[in-house]
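# Per-entry structural report
One-letter residues, chain by chain:
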Amino acid sequence: MSASMLRVHGTVASPGLAEGPLYFLDDEPASVRTFDALPPAEAFEAALGQAIAEIEHLGRATLDENARALLEFQVAMLEDESLLEPARAALREGLDAGAAWRRAIELQLAQFESAEDPYFRARSADLEDMRERVLRCLAGARAKRIPPGAIVVARDLVPSRFLETDWQGGGIALSGGSAKSHVAMLARSRGVPMLIGTPPWDPNGHREALLDTEAGTLIVSPATEVRAAFARRLAGLQSAKAAADSSLSGPAVTQGGQVIKVMINIADVGELARLDPAHCDGIGLVRTELLLKSRAELGDEEGQYAAYCSILRWARGAPVTIRTLDAGSDKPIPGYTVEESNPFLGTRGVRLSLANPELFAIQLRALCRAAHLGPLRVMVPMVTLPAELAAAKRLLDEVAAELLARGIAHRRPELGMMVEVPAAALTIDLFDAAFLSIGSNDLIQYVSAAGRDLAHLGSLQEPLQPAVLRLIETVVSAAGDRAIDVSLCGDMAAEPRCVAPLVALGLRSLSVAPVALARVKSAIRALP
Ligand code: PEP
Ligand code: MG
């Protein structure tokens, strides 16, 4: 008898539809055997070496810079004495290699999991990944391959397992997980549907499932009619995507002949390898707080200069707007951001940059030098008061003057601002900005007093609510009065239903995630 249908609800971490055989990852046998022929301490070192070699191999095989960075993080951890010493001490006490390694990882996990900083909590998955890999190496076994196109069910999924898998229309349903984890980020960037936080359910007898993130549901052992309706939706989605993809080329022009610029938002230089500059009107937002992942990178002017130059070279003369660090809130950089009770209302963006003028000057210096290569504009995030923009401008002028004095090739880029704090939107005529870009993600959360990370307050975060539209109208009309450029780079611009209202408010420039480019261009072309 076939198992009866079950609907398991969860939180969407990556959108999409998937259909496939279920694969229960946590049922894989744990690896506990040590290398038979070696004494435990030698077996441990051999397994460690093999694990590092495997991860380095994965790193060389991926083109994705985010993925490579997290694999490099794992290698660094596997070479870190503070992680290894407790394992070696346990071996000296007489534990076998597997038990010693588990103990060391548990100690580190306890530290990561109790950390206030969400960055470290999200890194727990990396530690679990490393624990399993070394244990597998100790057992002389490689991980079983997740079958292509499967729907993976697990408590959590580690990044390297994600990268080793051929997803092919499959998806992920986790009882744990976090939307901010690396694996969720990878799933979104690869278009693999993912649900997190599913309640416990009995897997017995179930073999297949549908994953529907529009409904936030995993449908296990679907009934025939449910499966048929799902197949129709999947086919509709695929043909809509194919039609939209065919509209990637060419400018976005309404039926009435109004040209709307559509640019892209990026977080990483690696993303650009898969994108064609001819499909957009430039880059409207580079989130440098996601590009620069550690405090060391914030102090590395040459590294930043090289990254900004790569972005400008990719754009081939199209405008590029790079945002100065918007670290803080849900985008921590260890060693730089501060822990606060209410991070979204705390020291983030320009507040943090102005509190660290030496690091801010390094970023501005790298930007001035890169601006020599092409039409680069610099944008400051989270501006609340005119004095903050003025202070950033003074520092930019000082940095440009110093480069001039030292005879270093540079250009002082135009300095604009994000409009994402309601106080700035309401008084935008008081700011001396060269251009404006509306950050609807933050504008909505601040004007509706509903955190953008809180899915259950979704109804308060409606982008088309009158309060949001009035603020946008104020900003667009002030930009018109001053004849300065205004764009909108929040996620609202990527929603086809929002395109008509935004154009009606006078916006002629939008910046969206690369995956949304085709659908936004199609929505513009359908406008009267
Ligand atoms: C925004 O707030 O709309 C925005 C584009 O910035 P971020 O999402 O990076 O805060
Ligand atoms: Mg923002």
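Located above this text is the structure these notes cover.
Computed from a predicted structure; not experimentally measured.

Our focus in this paragraph is the overall build of the chain. For the chain, the helix and strand inventory stands at 20 helices and 17 strands. The C-alpha radius of gyration of the chain comes to 25 Å, within 12% of the 24 Å expected for a compact globule of 528 residues. Buried positions account for 52% of the 528 residues belonging to the chain. For the chain, long-range pairs separated by at least 24 residues make up 66% of all intrachain contacts whose partners lie at least 6 apart in sequence. When the 53 positive and 65 negative side-chain charges of the chain are each reduced to one mean point, those points stand 5 Å apart.

Another aspect to go through is the coordination of the magnesium ion (ligand 2). In this structure, Glu420 (OE) and Asp442 (OD) serve as the protein donors to the magnesium ion (ligand 2), at separations of 2.0 to 2.1 Å. Of this pair, Glu420 sits in the loop between strand S14 (414–419) and helix H16 (422–426) while Asp442 sits in helix H17 (residues 440–448); the two residues are 22 residues apart in sequence, bridging distant segments of the chain. Considered together, Glu420 and Asp442 belong to a single accessibility category, that of buried residues.

A separate point is unusual backbone geometry. Despite not being glycine, Gln168 shows a phi value in the positive range, around 35°. With respect to the helices and strands, Gln168 occurs in the loop between helix H7 (159–164) and strand S5 (171–174). For Ala449, which is not glycine, the phi torsion reads 50° and is therefore positive. Its place among the elements puts Ala449 in the loop between H17 and helix H18 (466–482). Judged by its relative accessible area of 69%, Ala449 is exposed.

Ordered by their spatial adjacency, eight strands build an open sheet running S1-S8-S7-S3-S4-S5-S6-S2, and the pairing between neighbours is mixed. Because the sheet does not close on itself, it has two edges, and the strands there are strand S1 (6–9) and strand S2 (11–14). Within the sheet, the average angular offset between the axes of one strand and its neighbour, ignoring direction, is 30°. One ladder, built from three bridges, connects S2 with strand S6 (residues 194–196); its direction is antiparallel. Looking at S6, one finds that Val12 is bridged to Leu195. The strands that helix H9 (residues 224–246) touches are S1, strand S3 (17–24), strand S7 (208–212) and strand S8 (217–220); relative to S3, the one it contacts most, it runs at about 125°.

Conventions and cut-offs
- Residues numbered from 1 in each chain as written.
- Chains lettered and ligands numbered in written order.
- Predicted model: local features only at pLDDT ≥ 70, side-chain atom pairs only at ≥ 80, totals over all residues.
- Heavy atoms only, no water.
- Helix = DSSP H or I, 4+ residues; strand = E, 2+ residues; numbered from the N terminus.
- Rg over C-alpha atoms; globule rule 2.2 N^0.38 Å.
- Buried < 20%, exposed > 50% of the residue type's maximum accessible area, 1.4 Å probe, protein only.
- Contact = heavy atoms within 4.5 Å.
- Lys, Arg positive; Asp, Glu negative; His and termini not counted.
- Charge placed at Lys NZ, Arg CZ, Asp CG, Glu CD.
- Donors = N, O, S within 2.8 Å, 3.2 Å for Na, K, Ca; no water.
- Pairing = 2+ DSSP bridges.
- Axes fitted to C-alpha atoms, helices over the stretch in contact; angles between N-to-C directions.

The quantities given are spatial measurements derived from coordinates; they are silent on function.
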